[in-house]
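# Residue-level structural notes
Below, each chain spelled out in residue letters.
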Amino acid sequence: MYKGEADWAFVHSVKQAVSLPVIVNGDICGIDDVAKALEQSGADGVMIGRGAYGRPWLLGQVMHWLRHGTELPGPTIDQQLALILEHYEDMLSHYGRECGVRMARKHLGWYTRGLHGSAEFRNRVNFIEDADDVMRSLGEFYAPLLQRQAA
């Protein structure tokens with residue numbers, strides 16, 4: 001749906017033309033992007049959208065970098081899994097189990113994107129209707145990743 005790249009340099013002309021605070025966004029997926037967007041735009045702040053899909057910790061990492069100038073490491077696999085399970089349970093609680101299972105599918109896809117075997121996992125989990133079966137599938141998917149992390 002989204003084509004092209006964000007034109008952070010164009011935001012600079014907007015910043016020069018107004019006296020209001022200007023926020024730059026678009027194509028911001030990491031701290032390097034934040035630095036480039038702020039430098040090219042001269043904006044007062046940055047807004048992150050799709051770049052944080054599946055990586056909600058990115059927002060905290062960016063805030064830390066903006067405040068301290070140092071980067072925080074990403075969460076370990078076991079920390080990611082704990083966050084995913086908490087988010088999943090919250091979705092089930094908020095939406096109800098039946099609707100929550102369906103609503104969580106896109107989030108599970110974003111969380112697992114780029115991990116070994118994630119395409120197969122998504123193809124399987126997107127057709128599971130039972131919340132407990134999804135939890136079991138998550139455990140099975142993350143088990144080898146956790147073993148590799150422990151090694």
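Quick summary incoming for the structure in this document. This is a predicted model, so every value here is computed, not measured. (Residues numbered from 1 in each chain as written. Predicted model: local features only at pLDDT ≥ 70, side-chain atom pairs only at ≥ 80, totals over all residues. Heavy atoms only, no water.)

Turning our eyes to something else, we now look at the overall build of the protein. Across its full length, the protein holds seven helices and two strands. Walking the protein from its N terminus toward its C terminus, one meets helices and strands in the order α-β-α-β-α-α-α-α-α. Relative to its length of 151 residues, the protein is extended, with a C-alpha radius of gyration of 19 Å against a globular reference of 15 Å. Counting only C-alpha atoms, the protein reaches 55 × 35 × 25 Å along its principal axes. With 151 residues in all, the protein has 31% of them scored as buried. Considering only intrachain contacts with a sequence separation of at least 6, the fraction spanning at least 24 residues in the protein is 48%. For the protein, the exposed surface amounts to about 9,500 Å²; the carbon and sulfur share of it is 54%. The protein carries 15 positive and 19 negative side-chain charges, and their two centres are separated by 3 Å. (Helix = DSSP H or I, 4+ residues; strand = E, 2+ residues; numbered from the N terminus. Rg over C-alpha atoms; globule rule 2.2 N^0.38 Å. Buried < 20%, exposed > 50% of the residue type's maximum accessible area, 1.4 Å probe, protein only. Contact = heavy atoms within 4.5 Å. Areas by Shrake-Rupley, 256 points an atom, 1.4 Å probe, with all protein chains shown as cover. Lys, Arg positive; Asp, Glu negative; His and termini not counted. Charge placed at Lys NZ, Arg CZ, Asp CG, Glu CD.)

Moving on, we get to unusual backbone geometry. With a phi angle near 60°, Asp 27 is a residue other than glycine that sits in the positive phi range. Its place among the elements puts Asp 27 in the loop between strand S1 (23–25) and helix H2 (31–41).

This paragraph deals with the side chain of Ser 137. Note on placement: Ser 137 falls in helix H7 (residues 131–150). In this structure Ser 137 comes out as buried when scored by relative accessible area, which is 6%. Beyond its immediate sequence surroundings of up to four residues, Ser 137 is in contact with Phe 121, Arg 124, Val 125 and Ile 128.

Let's shift gears to the packing of helix H4 (residues 77–95) against helix H5 (residues 97–112). Packing of H4 against H5 brings their axes to within 7 Å, and their N-to-C directions diverge by 150°. When the axes of H4 and H5 are compared, the pair comes out roughly antiparallel. Once H4 is placed against H5, the crossing between them reads as right-handed. Contacts between H4 and H5 involve Leu 83, Ile 84, His 87, Tyr 88, Met 91, Leu 92 and Tyr 95 from the former and Arg 97, Cys 99, Gly 100, Val 101, Met 103, Ala 104, His 107, Leu 108 and Tyr 111 from the latter. Counted by class, the contact of H4 with H5 contains 12 nonpolar, three polar and one charged residues. (Axes fitted to C-alpha atoms, helices over the stretch in contact; angles between N-to-C directions. Parallel < 35°, antiparallel > 145°, perpendicular 65-115°, else oblique. Left-handed = near helix turned anticlockwise from the far one by under 90°. Nonpolar A, V, L, I, M, F, W, Y, C, P; charged D, E, K, R; others polar.)

To continue, consider the nonpolar core. Formed by 20 residues in total, the largest nonpolar core has its most connected members in Tyr 88, Leu 108, Val 134, Leu 138 and Tyr 142. Looking at this core, the elements with two or more residues in it are H4, H5, helix H6 (118–125) and H7. Each residue touching Leu 138, except ones within four places of it in the same chain, is listed here: Ile 84, Leu 85, Leu 108 and Phe 121. In this structure, Val 11, Val 22, Ile 28 and Leu 58 belong to the second largest nonpolar core, which totals 13 residues. (Core = buried A, V, L, I, M, F, W, Y, C linked by side-chain atoms within 4.5 Å.)

Attention now moves to the packing of aromatic side chains. Within this structure, the stated rule accounts for three aromatic pairs. On the numbers, 5.2 Å between centres and 85° between planes, the contact of Phe 141 with Tyr 142 is edge-to-face. Under the relative-accessibility criterion, Tyr 142 is labelled buried at 0%. The structure contains a cluster of three or more aromatic residues connected by ring pairs, namely Phe 121, Phe 141 and Tyr 142. (Phe/Tyr/Trp six-rings, centres within 6.5 Å; stacked < 30°, edge-to-face > 60°.)

Here H5 spans 21 Å end to end across 16 residues, near enough to the 22 Å set by a 1.5 Å rise per residue. In H5, a bend of some 35° at Arg 105 exceeds every other bend along the element. Within the sequence span of H5, burial applies to Gly 100, Val 101, Ala 104, Arg 105, Leu 108, Gly 109, Tyr 111 and Thr 112. Of the surrounding elements, those touching the buried residues of H5 are helix H3 (57–68), H4, H6 and H7. (Expected span 1.5 Å × (residues − 1). Bend = angle between axes of the 7 residues up to and from the residue.)

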